[in-house]
Amino acid sequence: MLLALDTSTSWASVALFDGRTVLSEETWHAQRRHADELFPTIERILGHSGVALSGVDRLAVATGPGSFTGLRVAIAAAQGIARGTGAALAGVSTLDVLAYPHAASKQRTCSLLPAGRGEFYAAFYQDRNRSWKRRSPFIVASLAEICAQIGTHTLFVGELDDAAETTLRDLLGPKALFAAPASRMRRAGYLAELGWLELEGRKQTTLGEIEPIYVRQPAVGGTFAQPFAPPPRDDLALGLPRRD
Amino acid sequence: MRILSIETSCDETGVAIVEDGRRIIANVVASQTAHQVTGGIVPEVAAREHLRALDPIEQQALRDAGMELRQVDAIAATVGPGLIGALLVGANYGRGLALASSLPFVGVNHLEGHVYANWLYEDGAVGGPRGTTTGGLGPPRTPQTPEPELPAVVLVVSGAHSDLVLMEGHRRFRLLGRTIDDAAGEAFDKVARLLGLGFPGGPEIERAARGGDPKAYPLPKAWLADRYDFSFSGLKTAVLRLVRTLEAAGDVPVADVAASFQRAITEALAEKTARAAAEHGVRSVLLGGGVAANLPLREEIRRRIAVPLHVPPPRLCTDNGAMIGAAAFFSLRHRTTEIPSLVRSNMPLA
Ligand SMILES: [Zn+2]
C-alpha cells in the first residue's frame, strides 16, 4: 500500500494506491494552508479506504520544483511517517507527475509551474527510441526563454492561467497545444504510480536525502536578521536619540 | 512519561528525549554553520538545513538514549513563534512521526520552551556529567534540585526574542513586555560586527568587554520609561555613532566600547526584570535564551532582586529540543488551555 503526498504549489493532493488501483484521492486548492490541511486530509483518505497507516509500506512525495516552503511540508511529513512506520520513501519530481498522464500520447510535452517573479519551472518530455521520458533538465525561466527552445508542436500541462496561455499562443502560434483543464492538473494518483515504479527493485535511500529540487538558490543578499520582533516604529522609541 | 521533542524554529535543529518534563535522556542539537558566513539568519537557508538535518538527528537522539521509538509516550514539536519555513519542517516531521506511531502530538510554544528549560536536569545517561552545571551559578542541578517556585518573572533574551513574561502558574503566562525593534541578541550581533568581532555577538562581546571599562563611554539606556517593553535601536545607533567618531580620531578601544555597550544593555534588561519581579511579588526569577548565558547580565539581575534567580546552563539557554520536551510535559499535565497543533509564526503565550 502506498500513500502519496504533494504540496508543491498552491494546489495539494493526497492519494492511496495499492499497486493496481488508486483507492482514494483528494486534490484541492490549499493556497497557503497546506500545513493545516495535510494531516486531516491524510486521515480522511485512509478512513475512506479503511486502511490504517500501519498498513502503508510505501510512500511517495512530490519533490518539485515548486514552492520551497510548500514542498518541505509534504517532504517533512513523509519523512516523519516513513520513520514512524518503516515505510520506503520515494521522491518524484512534480513536473514528472504533471507530464506522466500524457505519456501515452507520445506527444512532445512541456510541464509548467509558476516560479514567481514572472518565471516558470519547466521540463520537456519526448518520445525517442520508443521511450517517452524527460529530455531536459529542470528549468526556471520566463515563458519567452522557454519557448525559444521549442521548434515543434508541444503540449502544455500544469498550472497556466489565462495570461500564460495567451503568451504561449502569441509566442508559438499553432505549435502551442493545451491539454484539457482536468488533465493538466496534478493528481497524487499519478504521483503514487510513479512512486510505486520508482520503489520497485530499488534499495531504500536515506530519508534525509529526499529533499526539494530547488533549481533556484536562496536570495542570500537580503538577510533576515529579525525574525520575531515587530517592525521598528521610531515614534514608540521614547526618550531615545533619533535615528540618523 | 517520555517525550520525544523537536525544535526547528530558528537556526538550531534539536531533538531530545525528556522524562517527566525534567530528566534529559538525550539532547542532540545541530547549529547551522551557514549563518556564520552571512552574519545573520537567512530563513530559506535555515529551512533547507533543518530538513537535511532533522531525520539524522532524530535517529541520533534515540541512539543516545538507547531507546526505540515505541518506548516513547508522545511526540512534541515547536509550532511557533518562529520562522514559518523552519517551523513547518519540525512540526510536520513530528506530526508524521506521531501519526505513524499512534502517539499524541503536542505542539509547543517556543517561548514556553525557554521558560521550562529551568526545570531540566541531565542524568548522566548519555555519558555526560551527572547533574547539570549552572555556569558559575551554584551547584549542578540534579533530580534533588527543587523546581522553581511560582509565580515567577521570566526574561527570555536571545537573537530572536527579548520578552518579559509573568508566569502565574504552570501554563498560565502573561506577556509583560517585549522589544519594539531589535531583539537583545541582535543588538549584540550588530555591535559585534561593528567592532570587527565574530558571530554570534553575545559571547564575543562578553569576552572583549572583560578587560574594558564599562564606564568609559556614556550610552543611552536601552529602554522605554513606564513600560516593560524594550527598545535597542537607539542604543545601537549611539554605538554606531561612537565608533565612527572614534574611528575618525584614529583609534577604537574595542574593550571599552564593548564593556560600555554591555553595561547599557544589561542594565536595561536587569532593571525592568527586577521592577516586574517587585511589582508582581513573585517568588523567583527565571532566565532563558542565548543572551541569558551572559554572566554580567545574570550578576546584574541577581544584584537587584530579593528572590532566587534560575538560569539554565548555557547549552539549555540556546534553542534545543529538551526545553520543548519539558514544556510539552507540563502542557499535558496542566491542560488549562488548548494544546496547539497548527504552525503559526506569531503565537501568543498560553
Ligand atoms: Zn529561542
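Above this text sits the structure in question.
Overview of the structure. (Residues numbered from 1 in each chain as written. Chains lettered and ligands numbered in written order. Predicted model: local features only at pLDDT ≥ 70, side-chain atom pairs only at ≥ 80, totals over all residues. Heavy atoms only, no water.)

1. As for the overall build of chain A
(1) Moving on: A tally of regular secondary structure across chain A gives seven helices and 11 strands.
(2) Moving on: Taking all 244 residues of chain A together, the buried fraction comes to 50%.
(3) Moving on: Taking the intrachain contacts of chain A between residues at least 6 apart in sequence as the baseline, contacts between residues at least 24 apart amount to 63%.
(4) Moving on: With an accessible surface of roughly 10900 Å², chain A has 50% of that area assigned to carbon and sulfur atoms. (Helix = DSSP H or I, 4+ residues; strand = E, 2+ residues; numbered from the N terminus. Buried < 20%, exposed > 50% of the residue type's maximum accessible area, 1.4 Å probe, protein only. Contact = heavy atoms within 4.5 Å. Areas by Shrake-Rupley, 256 points an atom, 1.4 Å probe, with all protein chains shown as cover.)

2. Focus: the packing of helix H2 (residues 43-65) of chain B against helix H3 (residues 84-100) of chain B
Residues and elements named next belong to chain B.
(1) Moving on: Between H2 and H3, whose axes approach to 8 Å, the crossing angle comes to 30 degrees. With respect to H3, the axis of H2 lies roughly parallel. When you trace H2 past H3, the crossing you get is right-handed. Facing H2, whose interface residues are Ala-47, His-50, Leu-51, Leu-54, Asp-55 and Glu-58, H3 presents Gly-85, Ala-86, Val-89, Gly-90, Tyr-93 and Leu-97.
(2) Moving on: In the contact of H2 with H3, the residues fall into seven nonpolar, three polar and two charged. (Axes fitted to C-alpha atoms, helices over the stretch in contact; angles between N-to-C directions. Parallel < 35°, antiparallel > 145°, perpendicular 65-115°, else oblique. Left-handed = near helix turned anticlockwise from the far one by under 90°. Nonpolar A, V, L, I, M, F, W, Y, C, P; charged D, E, K, R; others polar.)

3. Concerning the coordination of the zinc ion
(1) Moving on: Looking at the zinc ion, the protein donor atoms are His-110 of chain B (NE2), His-114 of chain B (NE2), His-161 of chain B (NE2) and Asp-319 of chain B (OD), and they sit 2.0 to 2.5 Å from it.
(2) Moving on: One can describe the site at the zinc ion as irregular: its four donor atoms subtend angles covering 88 to 166 degrees at the metal. (Donors = N, O, S within 2.8 Å, 3.2 Å for Na, K, Ca; no water. Tetrahedral: all angles 85-135°; square planar, octahedral: opposite > 155°, others 65-115°.)

4. Observations regarding the packing of aromatic side chains
(1) Moving on: As enumerated under the stated definition, the model contains 12 aromatic pairs over all chains in all.
(2) Moving on: With a centroid separation of 5.3 Å and an interplanar angle of 80 degrees, the aromatic rings of Phe-68 of chain A and Tyr-214 of chain A are classed as edge-to-face. Taken as a pair, Phe-68 of chain A in helix H2 (residues 68-85) and Tyr-214 of chain A in the segment after helix H7 (188-199) lie far apart in primary sequence, 146 residues in all.
(3) Moving on: With 5.2 Å between their ring centres and 85 degrees between their planes, Phe-329 of chain B and Phe-330 of chain B make a pair best called edge-to-face. For the pair Phe-329 of chain B and Phe-330 of chain B, a shared accessibility class is recorded, and that class is buried.
(4) Moving on: Among the aromatic side chains, those forming a connected cluster through ring pairs are Tyr-116, Trp-119, Phe-173, Phe-329 and Phe-330 of chain B. (Phe/Tyr/Trp six-rings, centres within 6.5 Å; stacked < 30°, edge-to-face > 60°.)

5. Here we look at the pairing of strand E4 (residues 74-80) of chain B
All names here are of chain B.
(1) Moving on: A large share of E4 lies buried, amounting to seven of its seven residues.
(2) Moving on: Direction of pairing for strand E1 (residues 2-7) relative to E4: parallel, over a ladder of four bridges. Note that in E4 the partner of Ser-5 across the bridge is Ala-76.
(3) Moving on: With five bridges connecting them, E4 and strand E5 (residues 105-109) associate as parallel partners. Residue pairing across strands places Thr-78 opposite Val-108, the latter belonging to E5.
(4) Moving on: For the handedness criterion, the β-α-β arrangement of E4, H3 and E5 is classed as right-handed. (Pairing = 2+ DSSP bridges. Right-handed = clockwise from strand over helix to strand, strands pointing away.)

6. Some remarks on the state of the cysteines
(1) Moving on: In total, this model carries zero disulfides over all chains according to the counting rule given.
(2) Moving on: Here Cys-110 of chain A stays unpaired: no disulfide links it, and the sulfur of Cys-147 of chain A, its closest cysteine neighbor, is 7.6 Å away.
(3) Moving on: This cysteine, Cys-10 of chain B, is not joined by any disulfide, and Cys-317 of chain B carries the nearest cysteine sulfur, 16 Å off.
(4) Moving on: Classification of Cys-10 of chain B as buried rests on a relative accessible area of 5%. (Disulfide = S-S within 2.5 Å.)

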